[in-house]
Amino acid sequence: MKITVLGFWGGYPYKGEGTTSYLVQSEDFSLLLDAGSSTLIRLEEKLDPLTLDAVLLTHYHHDHIADLGVLQYLRQLKPTTPVEELNIYGHTENEDKFKELTMPGISKGIAYQEHDTLEIGPFLITFKRTIHPVPCFATRIVEKKTGKVFVFTADTGYLDGLSDFCQKADLLITDTYFLEGNENHKAHLTTKETGELAKEANVSQVVISHLNQSLALEDVLSQTQYYAEDIPVQLAKINLTITL
Ligand SMILES: [Zn+2]
Ligand SMILES: [Zn+2]
């Protein structure tokens, strides 16, 4: 399984770099995990967006879906022959937003619930509801062929049971928006919480993401690394690719 960072800032794009989006690939299958601003521009550098196989959305905040509409327009306007509908997986707890995933002939919204196990191409995917101002779900993505595990916390404050959900992940990508001292926030993790989560879950490596434009990123990294102890931590950056 190969994971590529297409966007990593929290809330809004910054200095030419976009918000949350990851490309998750296995064999010939390409899954887009969230579709933040500038996703499409970054995606085009990797593959023809028409060849994308599926999209999975953790929640409907703009910094995670900003480029979804233009992805639908691309599929509507670019092809010279009709395309298959693109499967876009999302929760149904905001009905209006879920309806927008479907554009007949272009894309089809497919509902997931917290306790579902979805089989999407080469992946098995499970969910955990997070602490966030709107319904949001962390995702645990297992590559069927190898058993490799990639967990994405999505947007979340600290929550009991998250370390069980992240247990022994080969890669953990987190929403690390605050420095130590802001623990138990209602929307995002701190460096300390991220480091402790990684340690408790015994993950192999951590990428800290959903980064905060107003912070010194070297401090975000060093604080997280301190609490993660011997588990390697790195900052998300555009085109960072990790192969599991
Ligand atoms: Zn966000
Ligand atoms: Zn959010």
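Residues numbered from 1 in each chain as written. Chains lettered and ligands numbered in written order. Predicted model: local features only at pLDDT ≥ 70, side-chain atom pairs only at ≥ 80, totals over all residues. Heavy atoms only, no water.

**A short note on the coordination of the zinc ion (ligand 2)**
Distances from the zinc ion (ligand 2) to its protein donors, His59 (NE2), His61 (ND1), His132 (NE2) and Asp155 (OD), fall at 2.1 to 2.3 Å. Coordination at the zinc ion (ligand 2) is irregular: its four donor atoms span angles of 90 to 165 degrees at the metal. Of note, the zinc ion (ligand 2) draws all its donor residues from one chain, in the sequence arrangement H-x1-H-x70-H-x22-D. If you look at the zinc ion (ligand 2) and the zinc ion (ligand 1), they sit 3.4 Å from each other and are both ligated by Asp155. With His132 in the loop between β8 (123–129) and β9 (137–143) and Asp155 in the loop between β10 (149–152) and α5 (162–165), the pair connects residues that are 23 residues apart, well separated along the chain. The class of His132 is buried, set by a relative accessible area of 14%. (Donors = N, O, S within 2.8 Å, 3.2 Å for Na, K, Ca; no water. Tetrahedral: all angles 85-135°; square planar, octahedral: opposite > 155°, others 65-115°. Helix = DSSP H or I, 4+ residues; strand = E, 2+ residues; numbered from the N terminus. Buried < 20%, exposed > 50% of the residue type's maximum accessible area, 1.4 Å probe, protein only.)

**Some words on a nonpolar patch on the surface**
Together, Val70, Tyr73 and Leu77 make up an exposed nonpolar region whose accessible area comes to about 330 Å². Position of Val70 among the secondary structure elements: in helix α3 (residues 68–77). Val70 gets classed as partly exposed once you look at its relative accessible area, which sits at 39%. (Patch = residues over 30% accessible without salt bridge, like charges linked within 9 Å, V, L, I, M, F, W, Y side chains within 5 Å. Areas by Shrake-Rupley, 256 points an atom, 1.4 Å probe, with all protein chains shown as cover. Salt bridge = Lys/Arg side-chain N within 4 Å of Asp/Glu carboxyl O.)

**Focus: the coordination of the zinc ion (ligand 1)**
Note on the zinc ion (ligand 1): its protein donors are Asp63 (OD), His64 (NE2), Asp155 (OD) and His210 (NE2). The metal-donor distances range over 2.1 to 2.2 Å. For the zinc ion (ligand 1), the four donor atoms in the first shell make angles of 86 to 168 degrees at the metal, so the coordination geometry reads as irregular. Within one chain, the residues donating to the zinc ion (ligand 1) are spaced in sequence as D-H-x90-D-x54-H. Note on His64: relative accessible area 0%, which makes it buried. On the basis of relative accessibility, which here comes to 4%, the residue His210 falls in the buried class.

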